[in-house]
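A structural walkthrough
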Amino acid sequence: MTNMQLRSFSEQLAAETFIDDGVETVTSVDQKKVETSIKEVISVYKQIHSLPEPTLLRDQHYQYLKKGLRHLSDAYECLDASRPWLCFWILHSLELLEEPVPSAIASDVCQFLARCQSPTGGFAGGPGQYAHLAPTYAAVNALCIIGTEEAYSVIDREKLLDFLWSLKQPDGSFVMHVGGEVDVRSVYCAASVASLTNILTPKLFEDSTSWILRCQNWEGGLSGVPGLEAHGGYTFCGTAALVILGNEHMLDLKALLRWVVSRQMRFEGGFQGRCNKLVDGCYSFWQAGVLPLLHRALFKEGESELSRHQWMFEQKALQEYILLCCQNPTGGLLDKPGKSRDFYHTCYCLSGLSIAQHFGNMDHHREIVLGKEENRLAPTHPVYNICPEKVAGALEHFLKLPVPDDSRHAAGFSSSKEPAAAAAAAEPQS
Ligand SMILES: [Zn+2]
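Everything numeric here is computed off the predicted structure, so don't read it as measured data. (Residues numbered from 1 in each chain as written. Predicted model: local features only at pLDDT ≥ 70, side-chain atom pairs only at ≥ 80, totals over all residues. Heavy atoms only, no water.)

As for the overall build of the protein
Operational definition: The secondary structure listing takes helices from DSSP runs of H or I that are at least 4 residues long and strands from runs of E that are at least 2 residues long, numbered from the N terminus. Partly exposed residues are those whose accessible area sits between 20% and 50% of the maximum for their type, while under 20% is buried and over 50% is exposed, using a 1.4 Å probe and protein chains only. Here a residue-residue contact requires only that any non-hydrogen atoms of the pair lie within 4.5 Å. Working convention for charge: Lys and Arg count positive, Asp and Glu count negative, and His plus the chain ends are omitted. Here the site of a charge means atom NZ of a Lys, CZ of an Arg, CG of an Asp or CD of a Glu.
Of the regular secondary structure elements, the protein holds 18 helices and two strands. Expressed along its principal axes, the backbone C-alpha trace of the protein runs to roughly 65 × 50 × 45 Å. Counting every position in the protein, which comprises 430 residues, the buried fraction comes to 55%. Residue pairs in contact within the protein that sit at least 24 positions apart in sequence constitute 71% of those at least 6 positions apart. Distance from the positive charge centre (37 side chains) to the negative charge centre (50 side chains) of the protein: 1 Å.

Below is the structure:
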């Protein structure tokens, strides 16, 4: 793109900084600190680059990711129970960068994830640990990205369905693991893996829609469980789950739109996770990723004023935030200036960058790439957050297989008191 005008170089940007109306709070002080650090980043950038052309540090990110797939530093010990996540974050980042994974490494990842699969179905955070919905989602996504016969055959679909049934609650929600907590992430993780692997039965998600709808609050966004504050991660999970279940039109779409677009920061250009919080690179996906889902939902509802050219957020402003403020010069991406890089933020900054670069779907597609042509990432599927052809490949493979029979679960479900008791214990008291 030539003759580009960066927001950061415009005189008017200063007018977008936070005004505390003479009331200083912890929140307002933090917000001003972030704005100051971003001003410093911009000023340094201006000194070095007379020509404004933000660059994605492709090679540096590639080297950082490649190393992570083989070896992790001691700093990752705390993520020992999230090892399938590391596989997903790295593999998805690599596919967005269009960097192929050597087949020997892909095969090693398949074997590792097979060792994380629980004998009772679902995947655990590491070999020998208990199965949990979050690493199950990450493992299935990682295997679908690899997309080989070996990868698909790792997943024991019958036991996966048993595992999902063991988490289902009478009110339509799911616990994250047996005896664990309920929140809207679990319905999304369950719906995502069930739909990708063709084990989704109507009975399994009975009452899930009405439970998710109860999570949309007066703000317009969704909370983790009914009655709490709207939050970017939960809003994405609830909305994407409803898309999978075909019921997203039952949300108050206009209220959701208003809430999510209001989370894009007027000075920073990136997104915050909640009202009055600070910008964070990972919400580039959790928040901006809701806009494609909303666009499609409003289109299906016959909304006539929808753009045919762009999502309903400032796509270039988000790209500018990610490219100028969220890249570690030696590879990897991060939350905001001053924070350190990690694989989670690398994955979700790149995913958000991809959403901001690609408008439309496979039939109607328009690219808006800020900076060099080489900044272009592969598109990502806004429901599953893996590349669309990997979603298509998984569906093609698994739709050939029969949906496992779950009539025994459906029949025995109402007499089982145990999961309900677990849910009651996990529910926050209000
Ligand atoms: Zn973050």
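And the narrative resumes.
Points about the coordination of the zinc ion
Just so we agree on the cut-off: Here the coordinating atoms are restricted to nitrogen, oxygen and sulfur within 2.8 Å of the metal centre, or 3.2 Å for Na, K and Ca, and because water is not among them the sites may look incomplete.
At the metal site, the zinc ion is ligated by Asp280 (OD), Asp280 (OD), Cys282 (SG) and His345 (NE2), and these contacts range over 2.1 to 2.4 Å. One chain supplies every donor for the zinc ion, spaced along it as D-x1-C-x62-H. The buried category is assigned to Cys282, whose relative accessible area is 3%.

A look at the side chain of Glu320
Applied cut-off: When a carboxyl oxygen of Asp or Glu is within 4 Å of a side-chain nitrogen of Lys or Arg, the pair counts as a salt bridge.
Here Glu320 shows up in helix α14 (residues 315–325). At 5.4 Å, Arg7 is the nearest oppositely charged side chain to Glu320, a buried residue that forms no salt bridge. Those residues in contact with Glu320, other than ones at most four positions away along the chain, are Leu6, Arg7, Ser8, Cys325 and Leu370.

Brief notes about the packing of helix α2 (residues 58–70) against helix α3 (residues 83–96)
This is how it is decided: Under this scheme, a helix contributes an axis fitted over its contacting stretch, all axes are lines through C-alpha atoms, and angles between N-to-C directions fall in the 0 to 180 degree range. In this scheme the crossing of two helices becomes right-handed for a clockwise turn of the near helix relative to the far one and left-handed for an anticlockwise turn of less than a right angle. Each residue is assigned to one class: nonpolar for Ala, Val, Leu, Ile, Met, Phe, Trp, Tyr, Cys and Pro, charged for Asp, Glu, Lys and Arg, and polar for all the others, Gly among them.
At a minimum axis separation of 10 Å, α2 and α3 run at an interaxial angle of 145 degrees. Crossing geometry of α2 relative to α3 is assigned as left-handed. Where α2 abuts α3, its residues Tyr62, Leu65, Gly68 and Leu69 lie against Ile90, Leu91, Ser93 and Leu94. Grouping the amino acids of the contact of α2 with α3 by side-chain chemistry returns six nonpolar, two polar and no charged.

Comments concerning the confidence of the model for the protein
Counted only if it meets this: Here pLDDT means the predictor's own confidence in every residue, given as a number from 0 to 100.
For the protein, mean pLDDT is 92; residues scoring 70 or higher make up 93% of the total. Scored below 50 in pLDDT, residues 412–430 makes 20 contacts in the model with residues more than four places away or belonging to other chains.

Points about the pattern of salt bridges
For the coordinates displayed, the defined rule picks out twelve salt bridges. With its nearest N and O atoms 3.2 Å apart, the salt bridge here joins Glu248 to Lys300. You can see Glu248 sitting in the loop between α10 (232–245) and α11 (253–261) and its partner Lys300 sitting in helix α13 (residues 290–300), a full 52 residues away along the chain. Relative accessible area serves as the criterion here: at 3%, Glu248 is assigned to the buried category. Beyond isolated ion pairs, a larger network of salt bridges with shared partners links Glu98, Glu367 and Arg376.

Considerations on the nonpolar core
Where we set the bar: Residues belong to one nonpolar core when they are buried, are Ala, Val, Leu, Ile, Met, Phe, Trp, Tyr or Cys, and are joined through side-chain atoms within 4.5 Å.
Residues Phe88, Leu133, Leu164, Phe313 and Tyr348 are the most contacted members of the largest nonpolar core, which totals 132 residues. Tallying contributions element by element places helix α5 (residues 133–146) first for this core, with eleven residues. With residues near it in sequence (within four places) discarded, Phe313 still touches Gln264, Phe271, Ala288, Leu291, Leu318, Ile355 and Ala356.

Notes on unusual backbone geometry
The phi dihedral of Asp21 falls on the positive side, at around 55 degrees, and the residue is not glycine. Counting through the fold element by element, Asp21 comes out in the segment before α1 (26–48). A positive phi angle, near 70 degrees, is found at Asn276, a position not held by glycine. Mapped onto the elements, Asn276 comes out in the loop between α11 and α12 (283–286). Using a relative accessible area of 55% as the deciding quantity, one classes Asn276 as exposed.

Notes on the packing of aromatic side chains
Worth spelling out the cut-off: Pairing of aromatic rings covers Phe, Tyr and the six-membered ring of Trp, with a centre-to-centre limit of 6.5 Å; geometry is then stacked below 30 degrees between planes, edge-to-face above 60, and tilted otherwise. For a ring to carry a charge above it, either NZ of a lysine or CZ of an arginine must fall within 6 Å of the ring centroid while also lying within 35 degrees of the normal to the ring plane.
Inspection of the entire model under this criterion finds 19 aromatic pairs. With 5.5 Å between their ring centres and 70 degrees between their planes, Phe285 and Trp286 make a pair best called edge-to-face. Of the two residues examined, Phe285 and Trp286, each falls in the buried class. Taken together, the aromatic side chains of Trp85, Phe88, Trp89, Tyr137, Tyr188, Phe236, Phe285, Trp286, Tyr344 and Tyr348 make up a single cluster linked through ring pairs. One cation-aromatic arrangement involves Lys39 over Phe267; the distance from NZ or CZ to the ring centre is 5.9 Å. The cationic tip of Lys46 hangs over the ring face of Phe9; the distance from NZ or CZ to the ring centre is 5.5 Å.

Here we look at the environment of Arg83
Here Arg83 lies in helix α3. Residues Arg83 and Ala124 lie 41 residues apart in sequence; the distance between their C-alpha atoms is 8.6 Å. Dropping the residues within four chain positions of it, Arg83 is found in contact with Phe112, Gly125 and Pro127.

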